Amino acid sequence: MSEKTHVDFWFDPTCPFAWATSRWVLEVEKVRDVEIAWHVMSLSVLNEGRDDISKEYREHVEKAWGPVRVLTAAAQKHGNDVLGDLYTAMGELLHYEKVSDLTEVVTRSLATVGLEPELAEAANGTEYDVALKASHEDGISRVGQEVGTPIIALNGTAFFGPVITRVPTGEIAGKLFDSAVGLASYPYFFEIKRSRTESPQFDVEAN
């Protein structure tokens, strides 16, 4: 019997690349023996105080505080087990339905998973920022400040990515995962990279 692979996954719900990779990980769960633990990280925290980002992206990360604060508040009140379902609810609205109003994303997502609507108030406050930044730092400290989201740790070995633009399913998802686990097993392996030629496409089959 194969040994269970523990997957720690750090995400910002507004990031389409994290969303693509997270949906792949859920496909992997169907064909491999894995245990997934979800963790919040934040593009807002990552880019806080930076002056080398575009005005458009700065506006995005300034608004992106809300969803991660609400996710953190939900985890603080109900435990980390709520993160996977709440992330899925938010991501479906953001990346499939293309809802741009983050207040609407938060309120609808809380309703979808049956959490108290009062959690939405966390979006506009700083009460949970210490916990949010601690979760973010736990992920980013494993890979370095020069990366983004997602971060995945496979049995404790962490990487930025994998960055994928399509979501493989079935055995294709499993084979990609096997490759990632294999690379993670070498303590001297750190990085593979090439220029990306497409953005995430959630309506295109990966093969």
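Here the structure is shown first, and the text comes after it.
Treat the numbers as computed from the prediction; the structure is a model and nothing was measured.

Q: Tell me what's going on with the pattern of salt bridges, and back it up with residues and numbers.
A: Throughout the structure, instances matching the rule amount to 10 salt bridges. For Arg142, the salt bridge goes to Asp138, with nearest N and O atoms at 3.1 Å. With a relative accessible area of 32%, Asp138 lands in the partly exposed category. Close ionic contact of Arg166 with Glu198 constitutes a salt bridge, the shortest N to O distance being 3.0 Å. Note that Arg166 is positioned in the loop between strand S4 (157-160) and helix H8 (170-184) and Glu198 in the segment after H8, a separation of 32 residues in sequence. A single salt-bridge network, built from bridges that share partners, covers Arg32, Glu171 and Asp178.

Q: I'd like to hear about helix H4 (residues 65-78), residue by residue, with values.
A: When the terminal C-alpha atoms of H4 are compared, their 20 Å separation across 14 residues agrees well with the 20 Å that a helix rising 1.5 Å per residue should span. All of the buried residues along H4 are Trp65, Gly66, Pro67, Val68, Arg69, Val70, Leu71, Thr72, Ala73, Ala74 and Ala75. Phi turns positive, to about 95°, at Gly79, one or two residues after H4.

Q: Outline the sheet that holds strand S2 (residues 34-40), listing residues and values.
A: The sheet built from 4 strands is open, its strands ordered S2-S1-S3-S4 with mixed pairing. This sheet does not close on itself; its edge strands, each paired only once, are S2 and S4. Recorded for the sheet is a direction-independent mean angle of 20° between the axes of neighbouring strands. Across the sheet, helix H5 (residues 83-96) touches strand S1 (5-11) and S2, and the angle it forms with S2 is around 70°. Together, S1, S2, strand S3 (151-154) and S4 form the strand contacts of H8, whose direction differs from that of S3 by roughly 75°.

Q: Break down the environment of Lys133 for me, with residues and values.
A: Position of Lys133 relative to the elements: it lies in helix H7 (residues 129-140). For the pair Lys133 and Val45, spaced 88 residues apart in sequence, the C-alpha to C-alpha distance is 7.0 Å. Excluding its chain neighbours within four sequence positions, the residues that come into contact with Lys133 are Val45, Glu48 and Trp65.

Q: Go over the packing of aromatic side chains, please, and point to the residues and values.
A: In this description, an aromatic ring pair is defined by two values, namely the gap between the centres and the angle between the planes. Enumeration according to the criterion identifies 10 aromatic pairs in this entry. Between Phe11 and Trp38, the ring centres sit 6.2 Å apart and the planes meet at 80°, which makes this aromatic pair edge-to-face. Taken together, the positions of Phe11 in strand S1 and Trp38 in strand S2 put the pair 27 residues apart, joining distant regions of the chain. Just as Phe11 is buried, Trp38 falls in that class too. Clustering of aromatic rings is evident, with ring pairs tying together Phe9, Phe11, Trp19, Trp38, Tyr87, Tyr96 and Phe202. Above the plane of the ring of Trp19 lies Arg23, whose end atom (NZ or CZ) is 3.8 Å from the centre. Sitting above the plane of the Tyr87 ring, Arg23 keeps its charged end 5.4 Å from the centroid.

Q: Give me the pairing of S1: which residues, what numbers.
A: Along any regular strand, the residues point their side chains to alternate faces of the sheet. Of all 7 residues in S1, 6 are buried, a share of seventy percent or more. Assessed by its sense of winding, the connection that carries the chain from S1 through helix H1 (residues 16-31) to S2 is right-handed. With 4 bridges joining them, S1 and S3 adopt antiparallel strand pairing. Residue pairing across strands places Phe9 opposite Ile152, the latter belonging to S3.

Q: So, the layout of surface pockets: which residues are in play, and what are the values?
A: Computed from the structure, the largest pocket encloses a volume of approximately 1800 Å³. Listed by contribution, the elements that provide at least two residues to the lining of the largest pocket are H1, helix H2 (43-46), S3, S4 and H8. Residue contributions to the lining of the largest pocket peak at 6 residues, all from H8. The computed volume of the second largest pocket comes to approximately 370 Å³. Taken together, 13 residues line the second largest pocket, and the ones lying closest to its centre are Thr14, His60, Lys63, Leu94 and Leu102. Top contributing element to the lining of the second largest pocket by residue count: helix H3 (residues 55-63), with 4 residues. Considered class by class, the residues forming the lining of the second largest pocket number 7 nonpolar, 4 polar and 2 charged.

Rules and cut-offs
Residues numbered from 1 in each chain as written. Predicted model: local features only at pLDDT ≥ 70, side-chain atom pairs only at ≥ 80, totals over all residues. Heavy atoms only, no water. Salt bridge = Lys/Arg side-chain N within 4 Å of Asp/Glu carboxyl O. Buried < 20%, exposed > 50% of the residue type's maximum accessible area, 1.4 Å probe, protein only. Helix = DSSP H or I, 4+ residues; strand = E, 2+ residues; numbered from the N terminus. Expected span 1.5 Å × (residues − 1). Pairing = 2+ DSSP bridges. Axes fitted to C-alpha atoms, helices over the stretch in contact; angles between N-to-C directions. Contact = heavy atoms within 4.5 Å. Phe/Tyr/Trp six-rings, centres within 6.5 Å; stacked < 30°, edge-to-face > 60°. Lys NZ or Arg CZ within 6 Å of the ring centre and 35° of its normal. Right-handed = clockwise from strand over helix to strand, strands pointing away. 1 Å grid on protein atoms, 1.4 Å probe; cavity = no way out; pocket = protein on both sides within 12 Å on 5 of 7 lines; lining within 4 Å. Points joined across faces, edges and corners; volume = space filled by probe spheres on them. Nonpolar A, V, L, I, M, F, W, Y, C, P; charged D, E, K, R; others polar.

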